[in-house]
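Understanding the architecture of this molecule
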Amino acid sequence: RKEELVGLAHSCWRRFGLPMRLVLLPANLGFAPANNAGLLHARGRHVCFLNSDVLPQGPGWLDRMVAALEQDPALGAVGGVVAFEDGTLQHGGMEMKRLDQLGGLPFPMHPG
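1. Regarding the overall build of the protein
- In terms of helices and strands, the protein carries 3 helices and 4 strands.
- Helices (α) and strands (β) of the protein occur, in sequence order from the N terminus, as α-α-α-β-β-β-β.
- Computed over C-alpha atoms, the radius of gyration of the protein comes to 17 Å, more than 25% over the 13 Å expected from 2.2 N^0.38 for 112 residues, which places it beyond the range of a compact globule.
- If you line up the protein on its principal axes, its C-alpha atoms span 50 × 35 × 35 Å.
- Residue burial in the protein is summarised as follows: out of 112 residues, 5% are buried.
- In the protein, of all internal contacts separated by at least 6 residues, the share reaching a separation of at least 24 is 3%.

Given below as structure tokens:
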């Protein structure tokens, strides 16, 4: 699907004129490794990890997130509310909890 991706990237460039760097991996390594590879190549002051199934609602969402980061130097990351199409909360945060059934290893839990 490399050719399709390159074509889409060129189309985005022509339509929106947004600078980008396309990082092509030798194989599909999954979401987290792909983010790590992208971060290694990032050159901006801020990095936005946005899942391909997320559709931001309304203009200015990214500007508001960046403004929050710039206004409070104690912040290291910000995130938006992730909701289902009907507006109900999809993801109310995450906490690491050690689970006995996993030998006490930390596991991401999603309260709420």
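2. Looking at the pattern of salt bridges
- Counting across every chain of the model gives 2 salt bridges.
- A salt bridge links arginine 1 to glutamate 4, with the shortest nitrogen-to-oxygen separation between them at 3.1 Å.
- The exposure class of arginine 1 is exposed, given its relative accessible area of 77%.
- Across the pair arginine 45 and glutamate 70 runs a salt bridge whose closest N-O atoms are separated by 3.1 Å.

3. Things to note about a nonpolar patch on the surface
- Together, Leu5, Leu22 and Leu24 make up an exposed nonpolar region whose accessible area comes to about 230 Å².
- By secondary structure assignment, the location of leucine 5 is in helix H1 (residues 2-16).
- The partly exposed category is assigned to leucine 5, whose relative accessible area is 38%.

4. A look at the pairing of strand E3 (residues 95-99)
- Where E3 lies against strand E4 (residues 105-109), 5 bridges are found, and the strand directions are antiparallel. Looking at the pairing, glutamate 95 lines up with methionine 109 of E4.
- In this antiparallel pair of consecutive strands, E3 and E4, the connection spans 5 residues, and glycine 103 shows a positive phi of 70°.

5. Let's talk about the confidence of the model for the protein
- Chain-level statistics for the protein give a pLDDT mean of 89 and a share of 99% at 70 or above.
- Of all helices and strands in the protein, the one with the weakest mean pLDDT is strand E2 (residues 89-91) (79), whereas helix H3 (residues 61-71) scores best (94).

6. So, the environment of arginine 98
- Tracing the backbone through its elements, the reader meets arginine 98 in strand E3.
- Beyond its immediate sequence surroundings of up to four residues, arginine 98 is in contact with Gly104, Leu105 and Pro106.
- Looking at arginine 98, its side chain comes within polar contact range of the main-chain oxygen of glycine 104, at 3.1 Å.

7. Some words on the environment of alanine 9
- Position of alanine 9 among the secondary structure elements: in helix H1.
- When the C-alpha positions of alanine 9 and arginine 21 are compared, they lie 9.3 Å apart, and in sequence the two are 12 residues distant.
- Aside from chain neighbours lying at most four places away, what touches alanine 9 is Met20 and Leu22.

8. Considerations on the state of the cysteines
- Applying the stated rule across the entire model yields 0 disulfides.
- Left without a disulfide partner, cysteine 12 is nearest to the cysteine sulfur of cysteine 48, which lies 14 Å away.
- Classification of cysteine 12 by relative accessible area gives partly exposed; the value is 35%.
- By relative accessible area, cysteine 48 is classed as partly exposed at 40%.

Basis of the calculations
- Residues numbered from 1 in each chain as written.
- Predicted model: local features only at pLDDT ≥ 70, side-chain atom pairs only at ≥ 80, totals over all residues.
- Heavy atoms only, no water.
- Helix = DSSP H or I, 4+ residues; strand = E, 2+ residues; numbered from the N terminus.
- Rg over C-alpha atoms; globule rule 2.2 N^0.38 Å.
- Buried < 20%, exposed > 50% of the residue type's maximum accessible area, 1.4 Å probe, protein only.
- Contact = heavy atoms within 4.5 Å.
- Salt bridge = Lys/Arg side-chain N within 4 Å of Asp/Glu carboxyl O.
- Patch = residues over 30% accessible without salt bridge, like charges linked within 9 Å, V, L, I, M, F, W, Y side chains within 5 Å.
- Areas by Shrake-Rupley, 256 points an atom, 1.4 Å probe, with all protein chains shown as cover.
- Pairing = 2+ DSSP bridges.
- pLDDT = per-residue confidence, 0-100.
- Polar contact = N/O pair within 3.5 Å; in protein donor to acceptor, adjacent residues only side chain to side chain.
- Disulfide = S-S within 2.5 Å.

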